[in-house]
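The residues making up each chain are set out below.
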Amino acid sequence: MTKRTPSSRPLRRQTKLVRGGLARSPFMETSEAIYMTSGFVYDTAAEADARFAGTEPGFVYGRYGNPTVRMFEERLAALEGAEDCLGTSSGMAAISAAVMAPLKAGDHVVAPRAMFSSCLWLLEVLLPRFGVRVTLVDGHDLEQWRAACKDGVALTLIETPANPTLGAVDIAAVSEIVHAAGGLVVVDNVFASPVLQNPLKHGADVVAYSTTKHIDGQGRTLGGAILGSAKLLTDVYRDHLRHTGPALSPFNAWVLVKGLETIQLRVEAQCRAAAKLADALAAHPKVSRLFYPGRADHPHAEVHRKQMAMGGTLICFDVAGGRDGAWRFLDALEVIDISNNLGDAKSLATHPETTTHRRMTAEDRARIGVTGGTIRLSVGLEDVDDLVEDAVTALDAV
Ligand SMILES: Cc1ncc(COP(=O)(O)O)c(C=O)c1O
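Cut-off values and rules
- Residues numbered from 1 in each chain as written.
- Predicted model: local features only at pLDDT ≥ 70, side-chain atom pairs only at ≥ 80, totals over all residues.
- Near = placed C-beta within 6 Å.
- Helix = DSSP H or I, 4+ residues; strand = E, 2+ residues; numbered from the N terminus.
- Nonpolar A, V, L, I, M, F, W, Y, C, P; charged D, E, K, R; others polar.
- Buried ≥ 20, exposed ≤ 12 C-beta atoms within 10 Å, placed from the backbone.
- Arc of directions from axis to C-beta.
- Contact = placed C-beta atoms within 7 Å.
- Pairing = 2+ DSSP bridges.
- Expected span 1.5 Å × (residues − 1).
- Bend = angle between axes of the 7 residues up to and from the residue.

### Digging into the site of the ligand
Line of reasoning, step 1. Looking at the ligand, there are 16 residues lining it, with Ser90, Gly91, Met92, Ser210 and Thr212 nearest.
Line of reasoning, step 2. Of all the secondary structure elements, the ones that give two or more residues to the shell around the ligand are helix 4 (91-100) and helix 5 (117-129).
Line of reasoning, step 3. Tallying contributions element by element places helix 4 first for the shell around the ligand, with three residues.
Line of reasoning, step 4. The residue makeup of the shell around the ligand, split by class, is seven nonpolar, seven polar and two charged.

Laid out in structure tokens, this is it:
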């Protein structure tokens, strides 16, 4: 592969998003190539030996690395401001590896109880089976963090804004508490996206993504990524991923490379639309409660403002009339789709009680603020006036 001489000037973020990691083949294609291969060949036995020994650079096997996957990893690392990145086959592959690789039996994990339900399953069901003790706290309450970490902690997994009510966890404050107790801070940064929030700058050690959301941005692929210091990724994560096998497909990596070219433009436009839609929804008499991180009335607005550049692409609100009202609203939508995915160009609305959060008990749902009337709305790239009209008309029908 050939590379043009890198620019002698430091490049700005949007330029890195279009050109970061670009490694052209000898054909000098404009667009990044898809290296759809599971293996690699060597000119001589000695070359194979040197590649395996790591004394000569180069790829050895698709589960260990691939040129298209590497372009994606380098481009995402540039956006995140991380030393390195490792791609994975899905967001849950990234988060489960980010959590499991550093842990051993007898360790203690502290985490907020408001998070994506598969992550909660990982903490509540899987980790205890391997002898890891897990304490769940209210993520916004620093006193609860201090109390839970008092006797030591090996790792925390934070999601902020959190699914689905968009609560904030103060990454800097929690990192300080967890580091003082000897633990590693992993942030699931899916809801904010790397455009709006870079947890490493606030003291976190590891950032994990479902690239299925804003990084793809058009709902085509599953993928994930783990980012952090080169030392941490080499010492803790690289062998874990190589030998457990959640490799990112080269084709999906290529889709994600192209997604990164437009992510900043997309996410900023989606945030502007979400802010306008949130205001329209909050003013509607059928909306009894609304959470949008960019609004001054969000209970955690101050923390969101401190660590997020804009208000985000997600809105959470309660429709009057409980589950019945929420379902009527969803069924009356004509533009916005009913779907549990998020971060897509298409606006998507979901009913957490009966979809993403149905595994929880009613009591646990109540503790994180999910009611029968709760709707989570992921704002896309349609004309915002069509979205406002669609949502307001559907609310009128409730
Ligand atoms: C906050 C959050 N984390 C992790 C995931 C898991 O990602 P994936 O579906 O790509 O495995 C999702 C969505 O599914 C999510 O919303």
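### Section: helix 6 (residues 142-149)
Think of an α-helix as 3.6 residues a turn; residues three or four steps apart then line up on the same face.
Line of reasoning, step 1. Within the span of helix 6, buried status applies to Trp145, Ala148 and Cys149. What you see down the axis of helix 6 is that its buried residues fit within an arc of 90°, all on one side.
Line of reasoning, step 2. Elements in contact with the buried residues of helix 6: strand 2 (108-112), strand 3 (133-137) and helix 7 (171-180).

### Here's the deal with the sheet that holds strand 11 (residues 348-350)
Line of reasoning, step 1. Read from one edge to the other, the open sheet built from five strands follows the order 8-9-12-11-10, with strand pairing classed as mixed. Both outer strands of the open sheet, strand 8 (287-291) and strand 10 (337-338), are each paired with one neighbouring strand and no more.
Line of reasoning, step 2. As paired elements, strand 11 and strand 12 (residues 374-378) share three bridges and run antiparallel to each other. The residue bridging leucine 348 from the neighbouring strand is serine 378, located in strand 12.

### As for helix 9 (residues 230-244)
Line of reasoning, step 1. End to end, helix 9 covers 20 Å across 15 residues, agreeing with the expected 21 Å (1.5 Å per residue, within 8%).
Line of reasoning, step 2. Largest kink in helix 9: about 50°, centred on tyrosine 237.
Line of reasoning, step 3. Where helix 9 is buried, its residues meet strand 1 (84-88), helix 4, strand 6 (206-210) and strand 7 (224-228).
Line of reasoning, step 4. Backbone geometry just after helix 9 places glycine 245 at a positive phi near 90°.

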